[in-house]
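Residues per chain, in single letters:
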Amino acid sequence: MRYLVTARVKPGRERDLLRAIEDQTLGRGSVAGDEYLHNMTDARVRGDGSIRWVEVCFCATPLEEERSYWEEYFELVKVQDAHHRSKCRDETGEEPWACCECDCTAKLEKHLAKKGTNFLEILKQSIASRQ
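Residues numbered from 1 in each chain as written. Predicted model: local features only at pLDDT ≥ 70, side-chain atom pairs only at ≥ 80, totals over all residues. Heavy atoms only, no water.

Overview of the sheet that holds strand S1 (residues 2-9)
For sheets, the rule is that strands pair by backbone hydrogen bonds, running either parallel or antiparallel.
Line of reasoning, step 1. The strand order across the open sheet built from five strands is S4-S1-S3-S2-S5, with neighbouring strands paired in antiparallel fashion. The open sheet terminates on both sides in strands that have one partner only, identified here as strand S4 (74-81) and strand S5 (117-118).
Line of reasoning, step 2. In the sheet, S1 pairs with S4 via seven bridges, with the strands oriented antiparallel. Pairing of tyrosine 3 across the sheet is with aspartate 81, part of S4. (Pairing = 2+ DSSP bridges. Helix = DSSP H or I, 4+ residues; strand = E, 2+ residues; numbered from the N terminus.)

Looking at unusual backbone geometry
Line of reasoning, step 1. For glutamine 24, which is not glycine, the phi dihedral falls at a positive 60°.
Line of reasoning, step 2. Position of glutamine 24 relative to the elements: it lies in the loop between helix H1 (14-22) and helix H2 (35-42).
Line of reasoning, step 3. Look at glutamine 24 and you get exposed, because its relative accessible area is 57%.
Line of reasoning, step 4. Even without glycine at this site, leucine 63 takes up a positive phi of about 60°.
Line of reasoning, step 5. Relative to the helices and strands, leucine 63 resides in the loop between strand S3 (51-56) and helix H3 (67-71). (Buried < 20%, exposed > 50% of the residue type's maximum accessible area, 1.4 Å probe, protein only.)

Concerning the pairing of S1
Side-chain positions along a regular strand alternate between the two faces of the sheet.
Line of reasoning, step 1. Taking burial as the measure, the eight residues of S1 include seven buried ones, the bulk of the element.
Line of reasoning, step 2. With six bridges connecting them, S1 and S3 associate as antiparallel partners. Bridging from a neighbouring strand, arginine 2 pairs with valine 56 of S3.

Describing the pattern of salt bridges
Line of reasoning, step 1. With the rule as written, the count across this model stands at six salt bridges.
Line of reasoning, step 2. The closest approach of N and O atoms between aspartate 48 and arginine 8, which form a salt bridge, is 3.7 Å. In this pair, aspartate 48 is assigned in the loop between strand S2 (44-45) and S3 and arginine 8 in strand S1, connecting sequence segments 40 residues apart.
Line of reasoning, step 3. Note that arginine 130 and glutamate 14 form a salt bridge whose closest N and O atoms lie 3.6 Å from each other. Taken as a pair, arginine 130 in helix H6 (residues 119-130) and glutamate 14 in helix H1 lie far apart in primary sequence, 116 residues in all.
Line of reasoning, step 4. Connected through shared salt-bridge partners, Arg13, Asp16, Arg19 and Glu72 make up one network. (Salt bridge = Lys/Arg side-chain N within 4 Å of Asp/Glu carboxyl O.)

A few points about the packing of aromatic side chains
Line of reasoning, step 1. Taken as a whole, this structure holds six aromatic pairs when the rule is applied.
Line of reasoning, step 2. Pairing tyrosine 36 with tyrosine 69 gives two aromatic rings, centres 5.5 Å apart and planes at 55°, and the pair type is tilted. With tyrosine 36 in helix H2 and tyrosine 69 in helix H3, this residue pair connects regions lying 33 residues apart in the sequence.
Line of reasoning, step 3. On the numbers, 5.0 Å between centres and 50° between planes, the contact of tyrosine 36 with tryptophan 70 is tilted. Within this pair, whereas tyrosine 36 is found in helix H2, its partner tryptophan 70 is found in helix H3, the two being separated by 34 residues in sequence. Each member of the pair, tyrosine 36 as well as tryptophan 70, is classed as buried.
Line of reasoning, step 4. Grouped by ring-pair contacts, the aromatic residues Tyr36, Trp53, Tyr69, Trp70, Phe74 and Phe119 constitute a single cluster. (Phe/Tyr/Trp six-rings, centres within 6.5 Å; stacked < 30°, edge-to-face > 60°.)

Structural data, given as structure tokens:
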């Protein structure tokens, strides 16, 4: 299933988050592998300062496995289905692991890419301005 995640970086965790992204250690040890880095590359900062991204997760509870990795750096504000569960081929059992190669949220991802500003750019600028 794909989820639309809305989060905020925890105060004081910006530098550590950027280091984990640049060192490619974000999510290390997770079965989700480099999905975390992909998510941060695509994440967008909204007008209210929150960050949004689309995440693939196969857990029975949304982000069950990923939550502890994200909560090290983020306050998860909202996690919602990115599309109707009844249309998810993995969720319905029609095609296990379908979300790995599915374009079911392509329209949403294109829409998000046009909204807000690239999160990594903003994160790097924010840290650079503090030095």
